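Below, each chain spelled out in residue letters.
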Amino acid sequence: MRRRAVDFRRPVRRRYSNVFLLTLCGLVILLFIVLLSQDKQTKSRSPISQKSFRNRVTETLNITEEMLSPNSITRQLSDQISLAKAFVVIAKESNNLQFAWELSAQIRNSQVLLSDAAIRRSPLSTGESETAIRDMALLLYQAQQLHYDSATMIMRLKAKIQSLEEQSNAVSEKSSKYGQIAAEEVPKSLYCLGVRLTDGWYKSSTIQRQLTEGRRIAAKLTDNNLYHFCVFSDNILATSVVVNSTALNSDAPEDIVFHLVTDEVNYAPMKAWFSLNSFRGVTVEVQKFEDFSWLNASYVPVLKQLQDSDTQNYYFSGNNDNGRTPIKYRNPKYLSMLNHLRFYIPEVFPELKKVVFLDDDVVVQKDLSPLFSINMNSNVNGAVETCMETFHRYHKYLNYSHPLIRTHFDPDACGWAFGMNIFDLVEWRKRNVTGIYHYWQENNVDRTLWKLGTLPPGLLTFYGLTEPLDPKWHVLGLGYTNVEPELIEKGAVLHFNGNSKPWLKIGMEKYKPLWDKYVDYTNTLMQQCNVH
């Protein structure tokens, strides 16, 4: 067999090309492995980086640490704002309104920076706050140059406080004065009622019949088996509420006798009102104190004091002490005989043995007949004590710098209240209580023992002669303060003591319904006089 020619021989394969391809494939695989490992490392590092970033952001949002840090820009700005606000007040007080305006504008700029930092949840940087801090520092330095330093601030603030206290005292005094005047004035509607009743009384043809009936009930007026109540007042409507509420809440109204004492001016209208209206069979007697022959200046110290020019000047003008005495101490009502007649009850009702005294600003909610069976333990006055607080003890009402008071009375003795009292007139006469009252009244001509009202002489007069009653018999404070609803609900007698009487416009609205429900607003005379 012959060989092929050289030109027709099969070409020999080159080995290096296969080696190159193998090498290239290896490099590609190696590169893939490297890239894959790097991707895994990136993913494994990513949560750590994010976590550290979140922690870093959270740390920047710690406002408390930011404010407490001594190197905090936020704290520096806040301190500047606080100081600048104080300087604004002083600048206004000094009438430097331009400087006060500049301070206020810079305060607003600083507040805007703090607000922006809080919104973006990152602390302030030095660069963005440098201008605001510098401008505020310049204004604060200027304030110091204007003597707006700490010492000046303290002095000015003290002066401001003193000025405000003086203004407050002046306003309080005016409020007390106007409140007292409002409490003393008679509303036009009540004045109208008195005038119409007076006119009707003298024009009425039934006067003789009423007088005849008055003679027929005379026996009841001195019957000690009945329940006797007394009211001394010149207020027709208020007295009517006392009588009506007592009658409506009594278990035996036919056994009740009311003894009313008024003055000459109000005698006719008072008589007319209680003659024209009935109160469930309650017997009503009306008298005027001008008819009491024993009531004269030689016997009654208060009447003697009324004739003294210094006393009249003190109570009626108050010009003798340059206005140092509060208006409440100069109220002429404290020298009214109707107010002091409570110390002469045995003389007013010489045949009675026991009587319940009621003020004209009370409302009766319960049957009061059990009061007459209370054991008084040989005491004269039965009253509800008011010493739950220290300011209702004797030292509150009396002048203990005076030797007469200091040597005879315990300053921590418990006070009590007028307004609902049960008096044992037998013991009263036996112990000459009215004489005790005269003694203390005569020793207080110069008003050095006490200044105000009838309660202080009452505390002196009935010292050691008062029997404490259950507090539910007499609930006080409805004319000047808030009273717990539970006490009102359980109270037998509600007392509107204070200036805010329920028949006045200044009366406390939430307590007026307790009084209004015993007023007959459908009465013709009440409607004619617009009493509402």
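Residues numbered from 1 in each chain as written. Predicted model: local features only at pLDDT ≥ 70, side-chain atom pairs only at ≥ 80, totals over all residues. Heavy atoms only, no water.

J.: Please clarify how the state of the cysteines should be interpreted in this entry.
T.: A covalent bond bridging the sulfur atoms of two cysteines is what the word disulfide describes. Counting across every chain of the model gives two disulfides. Two residues share a disulfide in this structure: C192 and C529, whose sulfurs sit 2.2 Å from each other. Disulfide C192-C529: the torsion about the S-S bond is -70°, which places it as left-handed. With C192 in helix α7 (residues 188-203) and C529 in the segment after α23 (524-528), this pair connects stretches of sequence that are 337 residues apart. Using a relative accessible area of 5% as the deciding quantity, one classes C529 as buried. For C387, the disulfide goes to C414, at an S-S distance of 1.9 Å. Handedness here is read from the sign of the S-S torsion; for C387 and C414, about -95°, the answer is left-handed. Taken as a pair, C387 in the loop between β6 (381-383) and α16 (394-397) and C414 in the loop between α17 (403-408) and β7 (420-424) lie far apart in primary sequence, 27 residues in all. Considered together, C387 and C414 belong to a single accessibility category, that of buried residues. (Disulfide = S-S within 2.5 Å. Helix = DSSP H or I, 4+ residues; strand = E, 2+ residues; numbered from the N terminus. Buried < 20%, exposed > 50% of the residue type's maximum accessible area, 1.4 Å probe, protein only.)

J.: For this particular structure, what's the right way to read the nonpolar core?
T.: One recurring pattern in soluble globular proteins is that nonpolar side chains are buried together. Ranked by size, the top nonpolar core spans 59 residues in total, and within it F258, F274, L358 and L478 carry the most contacts. When residues in this core are grouped by element, the largest group, seven residues, is from helix α10 (residues 236-248). Counting 45 residues, the second-largest nonpolar core is a separate cluster that includes C230, M337, L338 and Y437. (Core = buried A, V, L, I, M, F, W, Y, C linked by side-chain atoms within 4.5 Å.)

J.: Would you mind showing me how to read the sheet that holds strand β4 (residues 354-358) here?
T.: Strand pairs in the sheet, formed through backbone hydrogen bonds, run parallel or antiparallel to each other. Strand order in the open sheet formed by seven strands is β3-β2-β1-β4-β7-β6-β8, and the pairing between neighbours is mixed. Here the strands that pair on one side only, and so sit at the sheet edges, are β3 (283-288) and β8 (466-468). Across this sheet, the average inter-strand angle for adjacent strands is 25°, counted without regard to direction. Note that strand β2 (residues 256-262) and β3 share six bridges and pair parallel. Within the sheet, the bridge partner assigned to T262 lies in β3 and is K288. Here α10 sits on the sheet and contacts β1 (227-232), β2, β3 and β4; the angle it forms with β2, its principal contact strand, is near 175°. (Pairing = 2+ DSSP bridges. Axes fitted to C-alpha atoms, helices over the stretch in contact; angles between N-to-C directions. Contact = heavy atoms within 4.5 Å.)

Coordinates in, geometry out; function isn't part of it.
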